[in-house]
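Okay, here's what each chain looks like letter by letter:
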Amino acid sequence: FQIHPGGDKEARLHQYSVIVNWDNRDRLHLFGEFELENPLSWEEGGSPPNTGEARLDVERLYADYSLNSQVNLRGGRFLTPIGRWNVIHAAPLVWTTTRPASTRRLFPMSLNGAMLHGAVPWGDNALEYSAYAEMLRDQSHDENEIEFSNVRGLRLNYTGAFEIGVNLSEFEENENALGDPRYRMLGVDFLKAWNGWEISAEAYQRDRRDAGENTSGGYLQVIAPLRDQWYAMARLENLREEERGTTGRWLVGAAWRYTPDRVIKLEYVGGRDEHPDMPRGFIASFAILF
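The paragraphs below set out a description of the structure included in this document. (Residues numbered from 1 in each chain as written. Predicted model: local features only at pLDDT ≥ 70, side-chain atom pairs only at ≥ 80, totals over all residues. Heavy atoms only, no water.)

1. So, the pairing of strand 5 (residues 71-79)
Part 1: The pairing of strand 4 (residues 55-68) with strand 5 spans seven bridges and is classified as antiparallel. Residue pairing across strands places S66 opposite N72, the latter belonging to strand 5.
Part 2: Counting the residues in the hairpin turn of strand 4 and strand 5 gives two residues.
Part 3: With eight bridges connecting them, strand 5 and strand 6 (residues 110-122) associate as antiparallel partners. Bridging from a neighbouring strand, F78 pairs with L111 of strand 6. (Pairing = 2+ DSSP bridges. Helix = DSSP H or I, 4+ residues; strand = E, 2+ residues; numbered from the N terminus.)

2. Points about unusual backbone geometry
Most peptide bonds are trans, and most residues other than glycine sit at a negative phi.
Part 1: Positive phi, close to 50 degrees, is recorded for N150, a residue that is not glycine.
Part 2: Residue placement: N150 occurs in strand 8 (residues 148-159).
Part 3: With a relative accessible area of 42%, N150 lands in the partly exposed category.
Part 4: With phi around 50 degrees, N195 is a residue other than glycine that occupies positive phi space. (Buried < 20%, exposed > 50% of the residue type's maximum accessible area, 1.4 Å probe, protein only.)

3. Some remarks on the packing of aromatic side chains
Aromatic ring pairs are defined here through the distance separating the ring centres and the angle between the ring planes.
Part 1: Across all of its chains, the model carries 13 aromatic pairs by this definition.
Part 2: Centroid distance W256 to Y258: 4.8 Å. Interplanar angle 40 degrees. Geometry classified as tilted.
Part 3: Each residue in the set W122, Y158, F162 and F190 is aromatic and connected to the rest through ring pairs, giving one cluster.
Part 4: Across the ring face of Y183, the terminal group of R206 is positioned such that the distance to the ring centre comes to 4.0 Å.
Part 5: Across the ring face of W95, the terminal group of R257 is positioned such that the distance to the ring centre comes to 4.6 Å. (Phe/Tyr/Trp six-rings, centres within 6.5 Å; stacked < 30°, edge-to-face > 60°. Lys NZ or Arg CZ within 6 Å of the ring centre and 35° of its normal.)

4. Describing the side chain of E147
Part 1: Checked against the element boundaries, E147 lands in the loop between strand 7 (125-136) and strand 8.
Part 2: Residue E147 is classed as buried on the basis of its relative accessible area of 11%.
Part 3: Reaching out from E147, the side chain makes a polar contact with the side chain of R137 at a distance of 2.7 Å. (Polar contact = N/O pair within 3.5 Å; in protein donor to acceptor, adjacent residues only side chain to side chain.)

5. Some points on the pattern of salt bridges
Part 1: Summed over the entire model, instances satisfying the criterion amount to 19 salt bridges.
Part 2: The partner of D64 in a salt bridge is R74, and the shortest N-O contact between them spans 2.7 Å. One end of the pair, D64, is in strand 4; the other, R74, is in strand 5, with ten residues separating them in the sequence.
Part 3: In this structure R74 comes out as buried when scored by relative accessible area, which is 16%.
Part 4: The shortest N-O distance in the salt bridge between D261 and R262 comes to 3.1 Å.
Part 5: In this structure D261 comes out as partly exposed when scored by relative accessible area, which is 25%.
Part 6: One salt-bridge network, held together by shared partners, links R152, E170, E172, R182, R184 and R209. (Salt bridge = Lys/Arg side-chain N within 4 Å of Asp/Glu carboxyl O.)

6. With respect to the environment of P121
Part 1: Mapped onto the secondary structure, P121 falls in strand 6.
Part 2: By relative accessible area, P121 is classed as exposed at 57%.
Part 3: What P121 contacts, discounting residues up to four positions off in sequence, is Q70 and A126. (Contact = heavy atoms within 4.5 Å.)

7. Digging into the environment of A203
Part 1: Note on placement: A203 falls in strand 11 (residues 197-208).
Part 2: Given a relative accessible area of 41%, A203 falls into the partly exposed group.
Part 3: Residues in contact with A203, not counting those within four places in the same chain, are L186, G187, V188, G217 and G218.

8. Examining the nonpolar core
Part 1: In this structure, F107, Y132, F171 and M185 are the most contacted members of the largest nonpolar core, which totals 19 residues.
Part 2: The set of elements that each furnish at least two residues to this core consists of strand 6, strand 8 and strand 10 (182-194).
Part 3: Counting ten residues, the second largest nonpolar core, distinct from the first, contains I223, M233, L251 and V263. (Core = buried A, V, L, I, M, F, W, Y, C linked by side-chain atoms within 4.5 Å.)

9. Considering the pairing of strand 14 (residues 245-259)
Part 1: Pairing analysis gives twelve bridges linking strand 13 (residues 230-241) to strand 14, with the strands arranged antiparallel. Residue L236 lies in a different strand from strand 14, and its bridge partner there is W250.
Part 2: Where strand 13 folds back onto strand 14 in an antiparallel hairpin, the turn is made up of three residues.
Part 3: Where strand 14 lies against strand 15 (residues 262-271), nine bridges are found, and the strand directions are antiparallel. Residue A254 lies in a different strand from strand 15, and its bridge partner there is L266.

Right, dumping it as C-alpha cells:
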C-alpha cells in the first residue's frame, strides 16, 4: 500500500512466487522459482481493482552440479551474483518494501548462462567466489526493467565476523538513448550483524568503455532492534545516471518480524524526482514465506 507525496493512494497484490527444489542427494541439484506478478492492483480515482498488469515470469530455473565441496557448476537462468540485495531480494527476507535504486538500475538483475561457484576455507572463515557469463540473451523483461546483454563477471565474498564482497563485471546496456554502451563496473558490499543490529552497504562505479562518462550509486542501511520483534530501519541512498542526473533518497521506518518468515513493514521514503521505479511517500507491506 502506498500514499504518494501528493496524497494519491494505490494498493496491489504484488507477487506470488512458487519455489521448486530437487536433488539426488549427491551431485545434482535443480531449482526453479516461478512468479505471478501484480495479479491485482488498485489506484485511487481509477477503475475498480483489476488484473490488467498481471504477468507470469520465470525468475530462476537452473541446475547445479557439484564436482566437490569447493567447486560447483551452474547452468540456466539465475540471479546475477552482484552485491547482497540482488541475490536475497525476496520480500520476506529483506527489511524494506522499497529496493535501493542502485541495485535495480546499474546492472543486470538476472541472466541466462553459466556460473562456476563455491567456497574455499580461510582459517575459521570462508572465501566464496562466483564467475559467470551470459550465453542466451533475455527474451522477457519486467516493467521499468533495463535490458542488458553480453554479461560476464566475478564476485569474491569474505565471510567471518563480518562479510565484505567485491564485484567486477562487464555488460552492455541496451535501448539506451546513448546507443548500446558497454560498461565495466566495480562494486563493493558490506554486512555486519550482531545482537539484532545490522549495518549493510553497497557502492558501485561503472565506466563507459568508449567514452569518459560514468555512473555510480549505492546505499547505507541500518537496522536497530526495539522490542517484541519490532525493528527500526533507516537508509540513505544515491544514484547518479547519465540521463536522469543525480537522485537521492532517504528512508525511515519500522518492521515487525513477528516470526522469521512473516514481516509487516512501514516506511516513509523522501527525496526528489519521483520515478515509477523510485517511489516516494508512505509505503506499507506484508510478506510471508511458507
